[in-house]
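Descriptive analysis of the structure
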Amino acid sequence: MALFSNGVLFFLALALNLRYGIVAQQDPEIRDQPALAPAMFVFGDSLIDNGNNNNLASFAKANYLPYGIDFQGGPTGRFSNGYTMVDTIAELLGLPLSPPYSQAQASGKQMRYGVNFASAAAGILDNTGQNFVGRIPFNEQIKNFENSLDQLSNLLGADDLSHGLWKSIFFIGMGSNDYLNNYLMPNYDTRNHYNAQQFADLLTQQYSQQLTRLYNLGARKFVIAGLGLMGCIPSILAQSTDGLCSDEVNELVRSFNTNTKMMINRLSVDLPGSRFSYIDVHNAFQDLLVNSELYGFSVLNRGCCGIGRNRGQITCLPFQAPCADRSSYLFWDAFHPTEAVNFVLGRRAFYGGTDIASPINIQQLATL
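Predicted, not measured: the structure shown is a model, and the values here were computed from it.

Summing up its helical and strand segments, the protein has 14 helices and nine strands in all. Radius of gyration (C-alpha) of the protein: 19 Å, near the 21 Å computed for a compact globule of 368 residues. In terms of principal-axis extent, the alpha carbons of the protein reach across some 60 × 50 × 45 Å. Put simply, the protein has 368 residues, and 58% of those count as buried. The long-range fraction of contacts in the protein, counting pairs at least 24 apart against all pairs at least 6 apart in sequence, stands at 72%.

The next thing to look at is the sheet that holds strand E1 (residues 40–44). One open sheet accounts for five strands, arranged E1-E2-E3-E4-E9; its pairing is mixed. The open sheet has two edge strands with one neighbour each: E1 and strand E9 (357–358). Bridge analysis of strand E2 (residues 169–173) against strand E3 (residues 221–225) gives four bridges, and the strand direction is parallel. Counterpart to Phe 171 in the pairing with E3 is Val 223.

Following Leu 65, the chain continues into Pro 66 via a peptide bond in cis, with omega recorded as 10 degrees. Tracing the sequence through the fold places Pro 66 in the loop between E1 and helix H2 (85–93). Even without a glycine there, the phi angle at Val 133 is positive, about 65 degrees. Within the secondary structure, Val 133 sits in the loop between helix H3 (101–104) and helix H4 (138–156). Judged by its relative accessible area of 44%, Val 133 falls in the partly exposed class. Not every positive phi belongs to a glycine, and Arg 311 is a case in point at roughly 50 degrees. In this fold, Arg 311 is placed in the loop between strand E6 (306–307) and strand E7 (314–315). Given a relative accessible area of 28%, Arg 311 falls into the partly exposed group.

Reading guide: rules and limits
- Residues numbered from 1 in each chain as written.
- Predicted model: local features only at pLDDT ≥ 70, side-chain atom pairs only at ≥ 80, totals over all residues.
- Heavy atoms only, no water.
- Helix = DSSP H or I, 4+ residues; strand = E, 2+ residues; numbered from the N terminus.
- Rg over C-alpha atoms; globule rule 2.2 N^0.38 Å.
- Buried < 20%, exposed > 50% of the residue type's maximum accessible area, 1.4 Å probe, protein only.
- Contact = heavy atoms within 4.5 Å.
- Pairing = 2+ DSSP bridges.

So this is what it looks like as structure tokens:
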């Protein structure tokens, strides 16, 4: 039986509406409708990075074609052919796309409606992603947010800033690199020290402390994205001898996601005034796979741009020719979804029921 079949056509229509009728990038103060939140602050990895690695000495960059081939203005550093999930969410909130911190830190005015601190190859653990050299771990992303508060205070005033932060959306999507570029990497000895559950415990213990730091800096409305079906991405499929998803990797994901939901329940009690929306990316991706034809996706097991088996052995290279029909592919490259998928994920996170967004969705969180 198809999962969530009653909502599939509704969300497909919403995704197509956004794809072909994108909201104009305007100052929220001159829109016909006011924004649902004063700002959105984004923390995460390459799934939502929009250019913070561009000027780093890093192998984790996407500021070259064909990345951004469908994005107005071309490559920006987004690991997609176009929009990321948080770009979709920003527009649904009535906000401009959040600028990368690497760009916005020069001017407090650029931070007024939010900032994106995400960095490709970043993890919850500081040593995650070392193979890529330059990256900005979650701890450092939080420090960058703390550093931005002085500029925002000078712009808005301390009282207005505090009230604005309470109403703002804090989107956090972390953890994938702690597996793909740490636990599962042969040059790391992490697996020699932790079994799967112990590592999930280590991650969520650190994660809890990091989210508490954000709370102490003023955050109250948290959107926490779980991990998707990482065992089914082209990079993992390319390592398979039978072409099937890796049950081992997907089991690691399940342990982390289970821990994350329990962590959110504890934080909801321990942090007075905090509100959380957990985005079940695992369920959302499972739905895309099961109902792929209804969503318009026909290529589920290989990247649109990449080299080797499943186009996942080497990720998208500069000026490589991507597939022509990008809207029919689930995956853009070896690791990341296409813009078409990001539209669907963003809208399901914003409007979805408790199978995807629990206990409330982002729209409900923003209006509290």
